[in-house]
Each structure stands twice: as structure tokens, then as C-alpha cells.
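Here are the chains, one letter per residue:
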Amino acid sequence: MNRIVVLATGGTISSHRSPDGGSRAKDSAADLIGALSAHGLDDFTSGDAHAGIELESEDIAVQNSFNFSFADISRVAHAVARILSREDVDGVVVTHGTDTMEETLALLGFTHDDPRPVVLTGAQRSPDHSDSDGPRNLHDAIRTAASPASRGQGVLLVFGGEIHSALGLRKNHTLAPQPFGHRSAGALGAVLESGPRYFAQALTPEPLPLPNDAFHQQRVDMVLGYPGADAALMHAALETGATGVVVLGAGAGNPGVPLTDAIAQATAQGVLVGLGTRTGA
Ligand SMILES: NC(=O)C[C@H](N)C(=O)O
């Protein structure tokens, strides 16, 4: 028997229209599992097609992911590690909003230290849409987490029938059915009728320690390089207590003269500056 824990955090996959016209995270992990059969999918409670998978559910947040803080994503990483400290668990599925899923994927991807898979998934259309993609994505994620083929593949995203490695993933589109992709690599595999099928082996880095309380106190701002960019936002970041700044320069990461001077000032003050490129790759 494969025991998979489904850990819910909120996001569109669990959201419903609210009277004020917005969409609010609401469903628990048990609600999401309970809705599978209403969409014609196996809910893993009876012994037919996917016998051998036993589900457990846990909720650690009911939030839209654009509200997540460092403390929230750290809580997800600690919850996953706690669940994997149990020997009777074979894999973890985390349901999550797509807006900041890439940050949680990155933290999990850098800290995961176990051959058992951790699979994140979500939805682009909430469960109150007739063609919601959430149930299918959750079903695919559970089958992927339960598959022996996923062992050693690290932290994964399963979305729109594709399996991706966590590190380097970005949400590249607001509404597309598959909003995620790597700029420099493709999918690791696909979820077929017969189950997950891998085309490649994920590169898994040497794991970093789980974040401690100091992580929650960090404030890392982002500053963009563009024609006419001065150093006003960089100075604002420094003056208001940023502990780190990521500068996304143009092209190969070129910040321009005003930002270059401000970077020198920041590093002289002991503020860590990461230099990247706004091209995304
Ligand atoms: N598709 C989604 O899940 C987006 C949602 N706003 C969230 O990140 O919580």
C-alpha cells in the first residue's frame, strides 16, 4: 500500500466565488479529495483502477498564494519534512496557489533531502467552474507521488499533464492551462493514462538546511533595470531595512550606471545584492 499525504495550502484549486465578486480560498485537502469522484476521477477510496494508494489529508493554510510570506513558505517546507519523517509515508502532494508556487517550489527544491517525491499542484480555474482543471491536476499529482518511478526525482510540479522539476520553474502566463515552464529546459515527464512516464532524470542539488526563524525576518526587495532607471527604488529599499536586494538588470544582467553605484553603496553597508537578468534566462 502506498500512503500519500495531501497537504492543502489554498489557492485557486480550493477557491470559490465570494459574494463580493472575488474568489476566496476555502476548500480543505479532504474537500479536494472528496470532489474527485464528482469529476469522474478515481478518489482512491475503492479498490478499482488505482488500488494500492491510501490518502491522508492535512491543512496548513487556506490562502491565496499572493498573500504568502517567508514564514508561510517556511511552514510548508517544515510540514513536508515533518510528514517525511514518518516511515509509513511514501510521498507528499502539496496543493498551492499558482501565483507564488515557484517560490515554494524553490525553497522545497533546495531543502528536500529524501528519495520520496514531493509533488506540488494547483489549478488555473477554481472548482466552481464547470471545466476546472484542479481535480485532474490533483489526481495526476497523487498518481505521480505514489509511483516508484518518481523516487529520486526530487521536488516536482504536476500541472496540465506535465511533470516538471522544481528548480528554475516559473509561472510564465496568467491564464494559460499550463502556465509553468523552464526557460532553459523542458518537462521531465508526462502523466499518461497508464501513469507517470519520465523522459529525463532531475538534477537534485546538495540539500540546504531547513529555514530557521531568521529566515522569516529577511526582507529581500527586487529592483528592475530599464531605460532611464535611476537608483531611487534601490535607495528606498536600503533606507527601509531590506536585508537583501535582487537587481534584475537588462540583458546579461546589466544594471546601468546609477544602479551600479547604488549596488556598491549597498554592499559597503553589508546588504547582500544578487544580480540577475530580467530576461529570465
Ligand atoms: N491560479 C491560482 O492559484 C492563482 C491564485 N491567485 C493563487 O495563487 O492563489
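Described in the following lines is the structure provided in the data block. Since the model is a prediction, treat every value here as computed from it, not as a measurement.

## Re the site of the ligand
Here is step 1: Gly11, Thr12, Asn64, Ser65, Phe66, Gly97, Thr98, Asp99, Ala123 and Gln124 make up every residue found near the ligand.
Here is step 2: Separating an oxygen atom of the ligand from a side-chain N or O atom of Asn64 is a distance of 3.3 Å.
Here is step 3: At 3.4 Å, a side-chain N or O of Gln124 approaches a nitrogen atom of the ligand.
Here is step 4: When the ligand is considered free in solution it has 270 Å² of accessible area, and contact with the protein chains removes 91% of it.
Here is step 5: For the shell around the ligand, the residue count by class is 2 nonpolar, 7 polar and 1 charged.

## Notes on the packing of aromatic side chains
Here is step 1: Across all of its chains, the model carries 2 aromatic pairs by this definition.
Here is step 2: With a centroid separation of 4.9 Å and an interplanar angle of 20°, the aromatic rings of Phe70 and Phe215 are classed as stacked. With Phe70 in helix α2 (residues 70–84) and Phe215 in helix α5 (residues 213–216), this residue pair connects regions lying 145 residues apart in the sequence.
Here is step 3: By relative accessible area, Phe70 is classed as partly exposed at 29%.
Here is step 4: Aromatic side chains Phe159 and Phe180 sit 5.4 Å apart centroid to centroid with 65° between the ring planes, which places their arrangement in the edge-to-face category. Separated by 21 residues along the polypeptide, Phe159 in strand β7 (residues 155–159) and Phe180 in strand β10 (residues 180–182) bring together distant segments of the chain.

## Some details on helix α6 (residues 232–239)
Here is step 1: Taken as a whole, α6 has its buried residues at Met234, Ala237 and Leu238. Viewed end-on, α6 has its buried residues packed into an arc of 95°, placing them on one side of the element. Turned more than 90 degrees off the buried face of α6, the exposed positions are Leu233 and Glu239.
Here is step 2: Those residues of α6 that are buried lie in contact with β13 (220–224), β14 (244–249), α7 (257–268) and β15 (272–277).
Here is step 3: Of the residues one or two after α6, Gly241 is the one with positive phi, at around 95°.

## Description of the sheet that holds strand β4 (residues 53–63)
Here is step 1: Read across the open sheet, the 8 strands follow the order β4-β1-β5-β6-β7-β8-β11-β12; overall the sheet is mixed. Of all strands in the sheet, those with a lone pairing partner are β4 and β12 (195–198), marking the two edges. On average, adjacent strands in this sheet sit at an angle of 25° to one another, irrespective of strand direction.
Here is step 2: Here strand β1 (residues 2–10) pairs with strand β5 (residues 91–95) via 5 bridges, running parallel. The residue bridging Leu7 from the neighbouring strand is Val94, located in β5.
Here is step 3: Across the face of the sheet, helix α4 (residues 134–146) comes into contact with β1, β4, β5, β6 (118–121), β7, β8 (162–165), β11 (189–192) and β12 while running at roughly 160° to β5.

## Regarding the pairing of β13
Within a regular strand, side chains alternate between the sheet's two faces.
Here is step 1: Note that β13 and β14 share 5 bridges and pair parallel. Looking at the pairing, Asp221 lines up with Val245 of β14.
Here is step 2: In this region the chain leaves β13, passes through α6 and returns to the parallel neighbour β14; the handedness of that crossover is right-handed.

## A look at the packing of α6 against α7
The description of two packed helices rests on the angle between their axes and on the distance between the axes.
Here is step 1: Packing of α6 against α7 leaves a shortest axis separation of 9 Å and a crossing angle of 15°. Regarding the angle of α6 to α7, the classification is roughly parallel. For α6 against α7, the interelement crossing comes out right-handed. Along the contact surface, α6 presents Met234, His235 and Leu238, while α7 presents Leu259, Ala262, Ile263, Gln265 and Ala266.

Calculation notes
Residues numbered from 1 in each chain as written. Predicted model: local features only at pLDDT ≥ 70, side-chain atom pairs only at ≥ 80, totals over all residues. Heavy atoms only, no water. Near = heavy atom within 4 Å. Polar contact = N/O pair within 3.5 Å; in protein donor to acceptor, adjacent residues only side chain to side chain. Areas by Shrake-Rupley, 256 points an atom, 1.4 Å probe, with all protein chains shown as cover. Nonpolar A, V, L, I, M, F, W, Y, C, P; charged D, E, K, R; others polar. Phe/Tyr/Trp six-rings, centres within 6.5 Å; stacked < 30°, edge-to-face > 60°. Helix = DSSP H or I, 4+ residues; strand = E, 2+ residues; numbered from the N terminus. Buried < 20%, exposed > 50% of the residue type's maximum accessible area, 1.4 Å probe, protein only. Arc of directions from axis to C-beta. Contact = heavy atoms within 4.5 Å. Pairing = 2+ DSSP bridges. Axes fitted to C-alpha atoms, helices over the stretch in contact; angles between N-to-C directions. Right-handed = clockwise from strand over helix to strand, strands pointing away. Parallel < 35°, antiparallel > 145°, perpendicular 65-115°, else oblique. Left-handed = near helix turned anticlockwise from the far one by under 90°.

No statement about biological role is implied by the geometric values presented.
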